[in-house]
Amino acid sequence: MTKKHTPIPLFLEGREKGNRKMKEIKDKITETLKVAMKAQDKLTMSVLRMILSEMTLLEKSGKEFKYIDAVKGYAKKLKKTIEEYERLKLPDKANEVKAELAIVEEYLPKPMGDDELERIVAEVIEANKFTSKDIGNAMKIIMGKYSDVVDGKRVQSLIREKLSK
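Residues numbered from 1 in each chain as written. Predicted model: local features only at pLDDT ≥ 70, side-chain atom pairs only at ≥ 80, totals over all residues. Heavy atoms only, no water.

So what's going on with the pattern of salt bridges? Which residues, and what values?
Summed over the entire model, instances satisfying the criterion amount to 9 salt bridges. Between lysine 26 and glutamate 59 there is a salt bridge whose closest N-O contact spans 2.7 Å. Of this pair, lysine 26 sits in helix H1 (residues 24-39) while glutamate 59 sits in helix H2 (residues 42-61); the two residues are 33 residues apart in sequence, bridging distant segments of the chain. On the basis of relative accessible area, glutamate 59 is assigned to the partly exposed category, the value being 30%. Across the pair glutamate 86 and lysine 98 runs a salt bridge, and its minimum N-O distance is 3.1 Å. In this pair, glutamate 86 sits in helix H3 (residues 67-87) while lysine 98 sits in helix H4 (residues 91-105), placing the two residues 12 residues apart along the sequence. (Salt bridge = Lys/Arg side-chain N within 4 Å of Asp/Glu carboxyl O. Helix = DSSP H or I, 4+ residues; strand = E, 2+ residues; numbered from the N terminus. Buried < 20%, exposed > 50% of the residue type's maximum accessible area, 1.4 Å probe, protein only.)

Have a look at this one:
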């Protein structure tokens, strides 16, 4: 029996495209945490507290950062954990972490579709006349513009595929 997590309150919903104000996502998470606390939703509270903890660590590091980086970092950790549990054949644990990941993904920008990503990769390769030796340069251009909405591994595999033809 899995308990549904507390959804993002309606007044906080909506994913903005492009640059976000630095504190906006942190404020959204804090407000949702308050709602989860009132609803006594332990899973959502736990996940949101972990994200806020990641944000606090970034703030104290003294380095320049975006709050969304904390959310992405936590999502990446959860994905690795899921892979590890699946490798160890522990489906119950993997499902628990998948539930956490579903909550975290609500705060991530909507990922770019495969068709659009393929089009962008093709345009960058053609516009710059890249060869198979220029994979790093192509990655730098694409990830520089679209790092919030694309997966680096997916971009790299598409670039390799396009350049090998």
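Give a description of unusual backbone geometry that names residues and reports values.
Of note in this structure, glutamine 40 is not a glycine but carries a positive phi near 55 degrees. By the element assignment, glutamine 40 lies in the loop between H1 and H2. On the basis of relative accessible area, glutamine 40 is assigned to the exposed category, the value being 60%. Even without being glycine, lysine 89 reaches a positive phi, approximately 60 degrees.

Before we move on, could you go through the nonpolar core and cite the residues and values that matter?
Ile25, Ile29, Leu48, Ile51, Met55, Val71 and Val104 are the most contacted members of the largest nonpolar core, which has 25 residues in total. Among the elements of the structure, H1, H2, H3 and H4 are those that each provide at least two residues to this core. Considering each element in turn, this core owes the most residues, 8 residues, to H3. Within the second largest apolar cluster, 16 residues are counted, among which are Ile125, Phe130, Ile135 and Val155. (Core = buried A, V, L, I, M, F, W, Y, C linked by side-chain atoms within 4.5 Å.)

Break down the environment of arginine 49 for me, with residues and values.
Note that arginine 49 resides in helix H2. Residue class for arginine 49 comes out partly exposed when judged on its relative accessible area of 42%. For the pair arginine 49 and isoleucine 29, spaced 20 residues apart in the sequence, the C-alpha separation amounts to 8.8 Å. Residues within four places of arginine 49 in sequence aside, it is in contact with Leu33 and Met37. (Contact = heavy atoms within 4.5 Å.)

Residues and numbers for the packing of H3 against H4, please.
As a packed pair, H3 and H4 sit with axes 9 Å apart at the nearest point and diverge in direction by 160 degrees. In this view, H3 runs roughly antiparallel relative to H4, as classed from their interaxial angle. When the axes of H3 and H4 are compared, the crossing they make is left-handed. Where H3 abuts H4, its residues Val71, Tyr74, Ala75, Leu78, Lys79, Thr81, Ile82, Tyr85 and Glu86 lie against Lys93, Ala94, Val97, Lys98, Glu100, Leu101, Val104 and Glu105. (Axes fitted to C-alpha atoms, helices over the stretch in contact; angles between N-to-C directions. Parallel < 35°, antiparallel > 145°, perpendicular 65-115°, else oblique. Left-handed = near helix turned anticlockwise from the far one by under 90°.)

Kindly report on the packing of H2 against H3, identifying the contributing residues and their values.
Packing of H2 against H3 leaves a shortest axis separation of 9 Å and a crossing angle of 125 degrees. It follows that H2 is oblique to H3 by the angle criterion. In terms of crossing hand, the pair formed by H2 and H3 is right-handed. Where H2 abuts H3, its residues Val47, Met50, Ile51, Glu54, Met55, Leu58 and Glu59 lie against Tyr67, Asp69, Ala70, Val71, Tyr74 and Lys77. Looking at side-chain class alone, the contact of H2 with H3 contains 9 nonpolar, no polar and 4 charged residues. (Nonpolar A, V, L, I, M, F, W, Y, C, P; charged D, E, K, R; others polar.)

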